[in-house]
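What follows is each chain in one-letter form.
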Amino acid sequence: MKYFCLMAFLAVATGAVPSLDATPQNKIALVNGTLIDPGTGKVVANALVIIEGDRISAAGDQATAVSTQDAQIVDCKGKFILPGYIDTHVHFFQSGDIYTRPDAVDLTAIRPYKDEIAWVKRNLPDALGRYLGCGITSVVDVGGPFWNFEVRKIANSTAKAPRVAVAGPLISSVSRPQLDLGDPPIVKIDTPEQGREMVRKLAAQNPDYVKIWYIVDAENPVEKFRPIVHAVIEESHARKIRVAVHATELEAARASVEEGADLLVHSVTDKLVDDAFVKLLKERGTVLTPTLVVFERYGRTFANKLNLTPEEKSWGNPEVIASLDVTKIPAAKMPERLKSAMANPQPVLDRIQQTYDVALKNLKRLQDAGITIATGTDAGNIGTIHGPAIFREFELMKQAGLTPMQILQCTTINAAKTFGGDTGAKIGSLKPAR
Ligand SMILES: [Zn+2]
């Protein structure tokens with residue numbers, strides 16, 4: 001466990017990062033706090049955590065005979081000590097502001113998309129810092145342009161940043177030309193061979209995931225894109241690269257898991273899941289990220305019914321949040337979609353509720369069945385705020401019927417599985433490093 005995981009969480013608890021010297025030789029003792037280790041489900045009052053250099057060397061009860069000699073003592077009375085949170089679904093190429101998806105709502109007359117992308121790149125350090133400030137010490141960027149590989153490099157060489165895993169461009173059943181400035185985040189693939197070729201191109205960048213955007217509509221039924229899903233997963237697995245699939249319809253999700261998807265992103269929202277689907281996920285060990293918050297945020301933003309939490313208002317980027325006030329858009333430049341949502345918000349809110357009626361039930365069912373659920377927000381999408389969106393995700397997971405400890409497990413020990421390998425084994429828990 002990296003030392004900064006803990007400090008990030010303390011920052012949330014205290015509102016300020018204690019000034020400590022984290023040089024490798026230093027020994028720090030956290031005393032009097034309440035330790036919560038979701039991995040074991042244990043809660044320890046009056047805990048003692050010893051950090052030596054950048055490793056935890058002891059974590060347990062203060063009564064344990066661990067010496068605090070030579071340690072800098074930090075009194076954590078009234079605070080909680082947890083492993084760093086993990087958001088397993090974000091997109092750094094999107095800011096979360098109103099201009100970030102011109103394919104959903106075209107406001108390029110106010111801010112051209114190239115200016116939006118320039119803003120995103122300029123403000124990357126800010127977005128990274130906000131994750132850390134929210135106690136989130138690891139994130140998975142589940143798809144974006146080839147620039148994503150640069151994001152991973154920048155994050156991993158920046159002190160005030162979470163650990164970042166990335167996928168490159170989404171291998172998609174549909175195209176999004178509005179987002180193509182020469183390094184498109186979404187690439188339409190028409191044949192299995194094109195899919196394999198794309199995987200080979202991505203593999204050169206050593207991606208943590210290959211991402212498939214399995215969008216189903218009248219022109220793209222489930223079976224039409226399935227041979228591409230098959231080819232992409234086969235080609236990725238041959239290179240030991242895991243595959244994340246966006247599939248929100250039960251039949252697309254089922255096909256994805258049958259084809260070998262490692263990570264299913266977003267909930268199934270069109271139907272209640274059936275026994276066969278639950279059994280399939282269990283047998284294959286597929287991890288699922290529900291991303292509940294994103295389902296309400298496009299519609300609520302457009303309808304001027306945005307419900308940002310106090311955490312989002314305090315810890316989100318103020319420029320991004322200000323842009324979400326759709327009443328400030330000049331009438332002459334107001335897109336039809338926003339005009340009608342504002343004039344008649346109820347159907348928008350009803351559609352969100354219908355989505356939740358299915359998604360929340362499905363989450364509870366999968367959790368009860370022992371499927372590995374990994375918390376994720378889809379932050380970066382319009383209205384889903386980089387960093388603190390996770391606190392709204394927690395509320396929705398709780399509404400689904402998960403207990404607070406289960407939610408913490410989804411956000412730490414379960415989410416660590418999306419990293420895999422050595423990193424996955426180290427993060428998401430508070431066990432002393434060997
Ligand atoms: Zn996403």
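Residues numbered from 1 in each chain as written. Predicted model: local features only at pLDDT ≥ 70, side-chain atom pairs only at ≥ 80, totals over all residues. Heavy atoms only, no water.

Asker: What is the right way to look at the packing of helix H14 (residues 389-399) against helix H15 (residues 404-411) in this model?
Answerer: The axes of two packed helices give the description: the angle between them and the distance between them. Between H14 and H15, the shortest axis-to-axis distance is 10 Å and the interhelical angle comes to 135°. By the criterion of interaxial angle, the relationship of H14 to H15 is oblique. At the point where H14 passes H15, the crossing takes the right-handed sense. Of H15, the residues touching H14 (which contributes Ile-390, Phe-394, Met-397 and Lys-398) are Pro-404, Ile-407, Cys-410 and Thr-411. Per-class residue counts for the contact of H14 with H15 are six nonpolar, one polar and one charged. (Axes fitted to C-alpha atoms, helices over the stretch in contact; angles between N-to-C directions. Helix = DSSP H or I, 4+ residues; strand = E, 2+ residues; numbered from the N terminus. Parallel < 35°, antiparallel > 145°, perpendicular 65-115°, else oblique. Left-handed = near helix turned anticlockwise from the far one by under 90°. Contact = heavy atoms within 4.5 Å. Nonpolar A, V, L, I, M, F, W, Y, C, P; charged D, E, K, R; others polar.)

Asker: Before we go on, may I ask you to explain the sheet that holds strand E10 (residues 186-188) in this structure?
Answerer: Across a sheet, paired strands are connected by hydrogen bonds in the backbone, their directions being either parallel or antiparallel. Across the sheet, seven strands lie side by side as E10-E9-E11-E12-E13-E14-E15; this open sheet has parallel pairing. Looking at the sheet topology across the chains shown, the edges are occupied by E10 and strand E15 (372-373). Relative to strand E14 (residues 287-289), strand E13 (residues 263-265) runs parallel, the two being bridged by three bridges. Opposite Leu-264, over in E14, you have Leu-288 as the bridge partner. (Pairing = 2+ DSSP bridges.)

Asker: Teacher, can you tell me more about unusual backbone geometry here?
Answerer: With the exception of glycine, the majority of residues adopt a negative phi angle, and the majority of peptide bonds are in the trans configuration. Unlike most non-glycine residues, Lys-240 shows phi in positive territory, near 60°. Relative to the helices and strands, Lys-240 is located in the loop between helix H6 (222-238) and strand E12 (242-246). The class for Lys-240 is exposed, based on a relative accessible area of 77%. In this model, His-266 sits at a positive phi of 80°, which is unusual for a non-glycine residue. Relative accessible area serves as the criterion here: at 4%, His-266 is assigned to the buried category. (Buried < 20%, exposed > 50% of the residue type's maximum accessible area, 1.4 Å probe, protein only.)

Asker: For this particular structure, what's the right way to read the nonpolar core?
Answerer: The tendency in soluble globular proteins is for nonpolar side chains to be buried side by side. Counting residues in each nonpolar core, the largest one holds 105 residues, and the members touching the most others are Phe-92, Ile-212, Tyr-214, Leu-264 and Leu-292. Aside from chain neighbours lying at most four places away, what touches Leu-292 is Ser-267, Tyr-356, Ala-359, Leu-360, Leu-363, Gly-376, Glu-393, Leu-396 and Met-397. One finds Val-142, Val-265, Ala-416 and Phe-419 within the second-largest nonpolar core, a separate group that totals 15 residues. (Core = buried A, V, L, I, M, F, W, Y, C linked by side-chain atoms within 4.5 Å.)

Nothing here speaks to function; it is geometry throughout.
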